[in-house]
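Spelled out from the first residue to the last, the chains are:
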Amino acid sequence: MRASARGGKASTVGKTVMQLELRFETADSPQGNSAERDGSSPARSGEEPKSSLTTRRASPSTLFEGIASATNLRKAWLRVAANDGAAGPDRESIDDVREHADEVLAKLRRELLRGSYRPGDIRRVWIPKPGGGQRGLGIPNVIDRIVQQATAQLLSPLYEPTFHRSSHGFRPGRSCHTAIAEAREHLAAGHGWVVDIDLSKFFDRVHHERLLARLARRINDARVLCLVRQMLKAKVVMPDGVVVSSTEGTPQGGPLSPLLSNIVLDELDRELEQRGLRFVRYADDCNIYVRSERSGRRVMASVTQFIERRLRLQVNQEKSAVARPEERHFVGFRLQLMPKSGNVVVMLSMRSRDRIYEAIREKTPRTWGSSIKACIQQLNAYLRGWISFFRICSSRETRTFQRIDSHVRRRLRVMVLRHWKRLKTARRRLLRLKVQPRVLQKWTTKGRSWWALAHTSAVEKGLSNDWFALLGLVSIEERWRALRGENEADSSGQLLLSSR
């Protein structure tokens with residue numbers, strides 16, 4: 001719809017919105033709940049509370065213009081450029097757009113206001129999942145990412161204040177750490193069993209009509225709804241070049257996808273709240289905390305039925321379970337309630353522990369061709385980021401951090417030995433590193449692998465912990481202690497965080 005015609009067609013827009021809402025409401029539920037259509041409030045509609053429904057409603061005369069405003073598009077472009085990212089199907093990179101950004105934004109604004117803008121295709125990329133299998137990412141063109149970001153910037157203020165406080169994913173001021181902090185509160189309150197619900201391919205199975213129906217409840221601008229519909233329906237270019245149509249799902253990888261996923265799953269949050277359940281959700285990972293295994297199995301059955309019948313999503317039965325929290329992986333951590341003290345300790349999940357060892361192996365290859373300092377610099381960047389995320393682990397994981405440090409040094413010792421190539425050279429270098437001759441005399445190398453040699457006393461004395469410290473190698477344990485801070489730890493050794 002052209003911007004110049006919106007004044008004369010205000011009534012047409014209003015009728016279009018009413019028609020869209022009516023059609024969306026009909027598709028909202030497979031049962032066609034009459035209570036929703038006549039305006040009454042069903043017991044388990046998943047609808048927002050009345051207070052949230054009466055909050056800011058978008059004006060048909062301003063919302064779309066706000067998305068297409070020069071200021072908003074410029075802000076969106078700066079965000080997209082800062083995030084960088086790969087090119088979409090058109091192969092136009094961030095740098096390509098940056099060269100003529102002003103012209104691109106001006107043209108994009110004209111197309112949006114004229115109604116001639118059409119999203120391009122989305123490039124599908126497969127990345128390995130830590131637990132096995134592959135996750136599909138959708139990479140839109142840079143221009144489309146700008147439009148998605150501009151739309152998210154206008155829609156987020158409408159929805160963010162009304163999202164449930166137990167939703168922590170993709171929200172300002174919230175993170176995995178706040179999710180863990182709230183989960184600790186539930187365990188400390190005596191809810192010692194967790195109903196761990198895993199949604200199977202959530203981003204690929206979002207029902208388009210149900211999502212648009214929820215948007216239409218708060219957005220009165222038909223042009224915005226049509227723009228979102230076009231984004232959802234954008235075709236996907238597979239790695240082999242085959243182009244497929246999108247009938248469901250919100251491609252993971254676009255700036256708008258996180259907000260849309262929270263809008264979809266907010267219905268689940270409201271349902272769990274209405275049932276009086278304690279839960280923590282981070283994106284599509286949802287943990288419900290109950291007092292007994294029996295009640296957990298009952299909750300699992302009823303919530304699964306709601307998700308599959310009402311939300312039209314699929315629960316992965318193999319990965320979902322009712323168990324003790326210490327047996328489950330949640331945003332990289334495990335939680336355990338200590339019976340005697342009542343404290344809740346935070347530990348690494350087994351998946352996170354395996355992942356750090358795998359990453360270390362990848363970053364310390366035995367065939368490393370550059371200097372050892374260059375390898376340490378690259379490794380340090382990863383280790384700093386890793387421990388910054390896992391800094392909330394309790395003191396119970398001290399030994400784990402020490403073992404990780406030891407493993408890193410041993411990998412580096414193997415690399416140094418291979419750089420020396422010959423054992424004769426290794427003996428000479430170790431003598432220069434102040435290793436006693438009597439120690440080298442006992443150094444048996446015959447038939448030993450590089451990995452075994454790296455664990456001998458001669459190598460460990462020569463390539464000591466202090467030697468690596470002089471090269472600037474980050475220690476996981478020392479970094480953890482520094483980040484943790486004695487004044488921020490409680491008696492259980494757990495870093496205190498607020499879930500509010």
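Predicted model, so just to flag it, every value in this text is computed and none were measured. (Residues numbered from 1 in each chain as written. Predicted model: local features only at pLDDT ≥ 70, side-chain atom pairs only at ≥ 80, totals over all residues. Heavy atoms only, no water.)

What follows covers the packing of aromatic side chains. For the structure shown, the criterion picks out 10 aromatic pairs. Centroid distance Phe 170 to Tyr 282: 6.3 Å. Interplanar angle 45°. Geometry classified as tilted. Here the residue Phe 170 occupies a position in the loop between helix H8 (142-159) and helix H9 (176-188), and Tyr 282 occupies one in strand S6 (residues 278-282), the gap between them amounting to 112 residues. Between the aromatic rings of Phe 401 and Trp 480, the centroid separation amounts to 5.3 Å while the plane-to-plane angle is 55°, which identifies the pairing as tilted. With Phe 401 in helix H16 (residues 398-420) and Trp 480 in helix H22 (residues 476-484), the pair connects residues that are 79 residues apart, well separated along the chain. Among the aromatic residues, ring-to-ring pairing joins Phe 333, Trp 386, Phe 389, Phe 390, Phe 401 and Trp 480 into one connected group. Its end group placed over the ring of Trp 126, Arg 124 keeps NZ or CZ at 5.3 Å from the ring centre. (Phe/Tyr/Trp six-rings, centres within 6.5 Å; stacked < 30°, edge-to-face > 60°. Helix = DSSP H or I, 4+ residues; strand = E, 2+ residues; numbered from the N terminus. Lys NZ or Arg CZ within 6 Å of the ring centre and 35° of its normal.)

A few words on the sheet that holds strand S8 (residues 321-323). Neighbouring strands of a sheet are bound in pairs by backbone hydrogen bonds; such pairs are parallel or else antiparallel. If you trace the 4 strands from one edge of the open sheet to the other, you get S6-S7-S3-S8, paired in antiparallel fashion. Each edge of the open sheet is held by one strand with a lone partner, namely S6 and S8. Each adjacent strand pair in this sheet contributes to an overall mean axis angle of 20°, direction not counted. Note: strand S3 (residues 193-198) against S8, 3 bridges, orientation antiparallel. Its bridge partner lying in S8, Asp 196 is registered against Ala 321. Against the sheet, helix H12 (residues 257-274) engages S6 and strand S7 (285-290), with an angle of about 170° to S6. Sheet contacts for helix H13 (residues 293-310): S3, S7 and S8; angle to S3, the most-contacted strand, approximately 25°. (Pairing = 2+ DSSP bridges. Axes fitted to C-alpha atoms, helices over the stretch in contact; angles between N-to-C directions. Contact = heavy atoms within 4.5 Å.)

As a further point, take the layout of surface pockets. There is about 530 Å³ of room inside the second largest pocket. Contributing elements (two or more residues each) for the lining of the second largest pocket: helix H5 (70-83), strand S2 (134-140), H8 and H12. Per-element accounting of the lining of the second largest pocket gives the leading share, 5 residues, to H8. When its residues are assigned to classes, the lining of the second largest pocket shows 11 nonpolar, 9 polar and 4 charged. (1 Å grid on protein atoms, 1.4 Å probe; cavity = no way out; pocket = protein on both sides within 12 Å on 5 of 7 lines; lining within 4 Å. Points joined across faces, edges and corners; volume = space filled by probe spheres on them. Nonpolar A, V, L, I, M, F, W, Y, C, P; charged D, E, K, R; others polar.)

Let us look at the environment of Met 350. Secondary-structure assignment places Met 350 in helix H14 (residues 350-363). Using a relative accessible area of 46% as the deciding quantity, one classes Met 350 as partly exposed. Linking Met 350 and Glu 327, residues 23 residues apart in sequence, is a C-alpha distance of 9.0 Å. (Buried < 20%, exposed > 50% of the residue type's maximum accessible area, 1.4 Å probe, protein only.)

Low-pLDDT stretches of the model should not have their predicted coordinates read in fine detail. Taken over all residues, the pLDDT of the protein chain has a mean of 84, while the share at 70 or more is 84%. Under a pLDDT of 50 for its full length, residues 489-500 has, in the predicted model, 40 contacts with residues more than four places off or in other chains. (pLDDT = per-residue confidence, 0-100.)

This part is about empty space enclosed by the protein. One water molecule sets the probe size; rolling that probe over the atoms shows where empty space is left. Per the counting criterion, the structure on display carries 4 cavities of 30 Å³ or more. In this model, the largest cavity occupies a volume close to 100 Å³. Lining the largest cavity are Ile 122, Gly 138, Pro 140, Gln 148, Met 231, Leu 232, Thr 250, Pro 251, Gly 254, Leu 256, Ser 257 and Leu 260. When contributions to the lining of the largest cavity are tallied by element, the ones reaching two or more residues are S2, helix H11 (222-232) and H12. Class assignment for the residues of the lining of the largest cavity results in 7 nonpolar, 5 polar and no charged.

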